[in-house]
Amino acid sequence: VCVCNTTYCDTLDPLVLPPPGSYIKQYRHRWQGWGGPRCDPLSHWAPLPADVVLNPGQTQRFQRVKGFGGSVTDAAAINILSLPEKAQDHLLRSYFSEEGLEYNLVRLPMASCDFSLHAYTYDDVPYDYELKHFSLRDEDTKLKASSGREQEPPMPTGGLAAPSRCARVGALALPHRTNSPPRQVLEDEEAARYVHGAQRAGAEPPMPTGGLAAPSRCARVGALALPHRTNSPPRQVLEDEEAARYVHGIGIHWYLDFIGPIQDTVLPTHELFPDYFILATEASIGAHFWERDVILGCWDRGNQYSHSILTNMNHFVTGWTDWNLALDLEGGPNWVKNYVDSPIIVDSSEGIFYKQPMFYHMGHFSKFIPEGSQRVGLVASKESKKTALEHTAFLRPDGAVVVVVL
């Protein structure tokens, strides 16, 4: 792991495109030695192995990218705010700035999730259908709302939004209530009141359930249906004309990929509903009962992230959003004790945080594949004799091509 504190945190150089006809190879491997709290840079100029040629073919063009990011749960905000202010700045910059991973998406749960200190809604009074008792909670105004601190780029305490003066807002329909008719959620006045309440509280930008903030010059509202991957396409929502009017995309989670492979679930969904984008909205390791919660420095968990992202992107998914931006050494807090791992682990007793291999694996996508990039075909000259290679290629808006290889 890489250790960050109030005085030191490793940084990454802003991306500089190579001259035409040349390339930059940026890599990190499990045997790379890290001395003390400092970490070696990500960049390194080097040739590819001579026995394998990867040829991006720009005549084949597929989905466009929306981006990469993580989630500001209550737990993430609590852990970030538990650090000294300078360490908080290092953590947020590590994710969102040019010297970090350049995340451009943020997911913000509305009301509580398991990564809260307790269960709550914005109206806990039974049968209050008119929402007379609706109100935001301290978790919104004290953990996730802007603190007013001026930073460059501007980022509220707790990492509410990616650096942006204006953001695109999206909502996830049916986040955990997939057995309910979509109209119950899509016509839910509580969600609308949350947006207005967040505006009054000074949270900028406001984000409803599962909201995604991305840099944009103007605000747009969209909705994602069915974030939990199921064995059947989301026809119940998208074939309902009234419900489909509210939906722009489909959200998926990764937890059952080992049961329902993406090629058997996501690909058929894309083929049935090609006009709706698909976005991976949650992933975390340690959620299954057979897994340890937090393992500092586990390279295999970084590989799992990269494998998932590569598989998703090669099957028409437009972006990949991690779960908690930061957790403690136990993998929480979590009121139901459903502890998991995170790319950043905070040790508040020492005023430090650890960057895991998962963090750097995320960077190989988020830092080099910006919003608006388009996936292109990629052909390997032959299979590698030493190991199986996974790879994908994207044409960036600036005309450069990015190839990511695991």
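- The name an unreviewed UniProt entry assigns to the protein chain is Glucosylceramidase, from the organism Manacus vitellinus.
- What UniProt states about the protein chain under its Pathway (unreviewed entry) heading is, verbatim, "Steroid metabolism; cholesterol metabolism."
- Under the UniProt heading Subcellular location (unreviewed entry), the note attached to the protein chain is "Lysosome membrane".

## Points about the overall build of the protein chain
Stage number 1. What the protein chain contains, in helices and strands, is 10 helices and 16 strands.
Stage number 2. Relative to its full complement of 406 residues, the protein chain shows a buried share of 53%.
Stage number 3. Summarising the internal contacts of the protein chain: among those between residues at least 6 apart in sequence, 74% fall at separations of at least 24.
Stage number 4. Of the roughly 19000 Å² of accessible surface on the protein chain, a fraction of 53% belongs to carbon and sulfur atoms.

## Structural notes on a nonpolar patch on the surface
Stage number 1. A surface patch of nonpolar side chains, amounting to about 660 Å² of accessible area, comprises Leu-256, Phe-258, Ile-259, Phe-289 and Trp-290.
Stage number 2. Tracing the backbone shows Phe-258 in the loop between strand 8 (249-253) and helix 8 (262-272).

## Notes on the side chain of Asp-10
Stage number 1. On the secondary structure map, Asp-10 appears in the loop between strand 1 (2-4) and strand 2 (54-64).
Stage number 2. The buried category is assigned to Asp-10, whose relative accessible area is 8%.
Stage number 3. Polar contacts involving the side chain of Asp-10 include one to the side chain of Lys-355, which spans 3.0 Å.
Stage number 4. Within the local environment of Asp-10, its side chain forms a polar contact with the side chain of Tyr-360, the two groups lying 2.7 Å apart.

## Things to note about the packing of aromatic side chains
Stage number 1. By the definition in use, this model includes 15 aromatic pairs.
Stage number 2. On the numbers, 6.2 Å between centres and 40° between planes, the contact of Phe-68 with Phe-365 is tilted. Taken as a pair, Phe-68 in strand 3 (residues 67-71) and Phe-365 in helix 10 (residues 357-366) lie far apart in primary sequence, 297 residues in all. Of the two residues, Phe-68 and Phe-365, neither departs from the other in class, the shared state being buried.
Stage number 3. Taken together through their ring pairs, the aromatic side chains of Tyr-95, Phe-96, Tyr-103, Phe-359 and Tyr-360 make up a single cluster.
Stage number 4. Cation over ring: Lys-66 sits above Phe-277, and NZ or CZ is 4.4 Å from the ring centre.
Stage number 5. Stacked on the ring of Phe-62, the Lys or Arg Arg-375 has its end atom at 4.1 Å from the ring centre.

## Some points on the pattern of salt bridges
Stage number 1. Overall, the coordinates contain 8 salt bridges when judged by the stated rule.
Stage number 2. Lys-367 is the salt-bridge partner of Glu-102, the closest N and O atoms lying 2.8 Å from each other. Here Glu-102 is found in the loop between helix 2 (85-96) and strand 4 (105-108), whereas its partner Lys-367 is found in the loop between helix 10 and strand 14 (374-380), with 265 residues between them in sequence.
Stage number 3. Given the relative accessible area of 25%, Glu-102 is considered partly exposed.
Stage number 4. A relative accessible area of 5% places Lys-367 in the buried class.
Stage number 5. Here Arg-137 makes a salt bridge to Asp-124, at a shortest N to O gap of 3.1 Å. Of this pair, Arg-137 sits in the loop between strand 4 and helix 3 (138-144) while Asp-124 sits in the loop between strand 4 and helix 3, and the two are 13 residues apart along the sequence.
Stage number 6. By relative accessible area, Arg-137 is classed as partly exposed at 24%.

## Some details on the sheet that holds strand 16 (residues 401-405)
Hydrogen bonding along the main chain pairs the strands of a sheet, whether they run parallel or antiparallel.
Stage number 1. Read from one edge of the open sheet, 4 strands run 2-14-15-16, paired in antiparallel fashion. Since the sheet does not close on itself, it has two edges, and those belong to strand 2 and strand 16, each with one partner. Each strand of the sheet is rotated relative to its neighbour by a mean of 30°, with strand direction disregarded.
Stage number 2. Here strand 14 pairs with strand 15 (residues 391-395) via 3 bridges, running antiparallel.

## Considering the packing of helix 9 (residues 299-313) against helix 10
Stage number 1. Interhelical geometry of helix 9 versus helix 10 gives an angle of 25° and a closest axis separation of 7 Å. As far as their axial angle goes, helix 10 and helix 9 are roughly parallel. As helix 9 runs across helix 10, the sense of the crossing is right-handed. Listed contacts from helix 10 to Trp-299, Arg-301, Gly-302, Asn-303, Tyr-305, Ser-306, Ile-309 and Leu-310 of helix 9 are Pro-357, Met-358, His-361, Met-362 and Phe-365.

## So, the state of the cysteines
Stage number 1. For the structure on display, the rule yields 1 disulfide.
Stage number 2. Through a disulfide, Cys-4 is tied to Cys-9; the S-S separation comes to 2.1 Å. The disulfide joining Cys-4 to Cys-9 has a torsion of about 65° about its S-S bond and is therefore right-handed. The pair formed by Cys-4 and Cys-9 is uniform in burial state, with each residue classed as buried.

Parameters at a glance
Residues numbered from 1 in each chain as written. Predicted model: local features only at pLDDT ≥ 70, side-chain atom pairs only at ≥ 80, totals over all residues. Heavy atoms only, no water. UniProt positions renumbered as here; feature names shortened; annotations may be inferred. Helix = DSSP H or I, 4+ residues; strand = E, 2+ residues; numbered from the N terminus. Buried < 20%, exposed > 50% of the residue type's maximum accessible area, 1.4 Å probe, protein only. Contact = heavy atoms within 4.5 Å. Areas by Shrake-Rupley, 256 points an atom, 1.4 Å probe, with all protein chains shown as cover. Patch = residues over 30% accessible without salt bridge, like charges linked within 9 Å, V, L, I, M, F, W, Y side chains within 5 Å. Salt bridge = Lys/Arg side-chain N within 4 Å of Asp/Glu carboxyl O. Polar contact = N/O pair within 3.5 Å; in protein donor to acceptor, adjacent residues only side chain to side chain. Phe/Tyr/Trp six-rings, centres within 6.5 Å; stacked < 30°, edge-to-face > 60°. Lys NZ or Arg CZ within 6 Å of the ring centre and 35° of its normal. Pairing = 2+ DSSP bridges. Axes fitted to C-alpha atoms, helices over the stretch in contact; angles between N-to-C directions. Parallel < 35°, antiparallel > 145°, perpendicular 65-115°, else oblique. Left-handed = near helix turned anticlockwise from the far one by under 90°. Disulfide = S-S within 2.5 Å.

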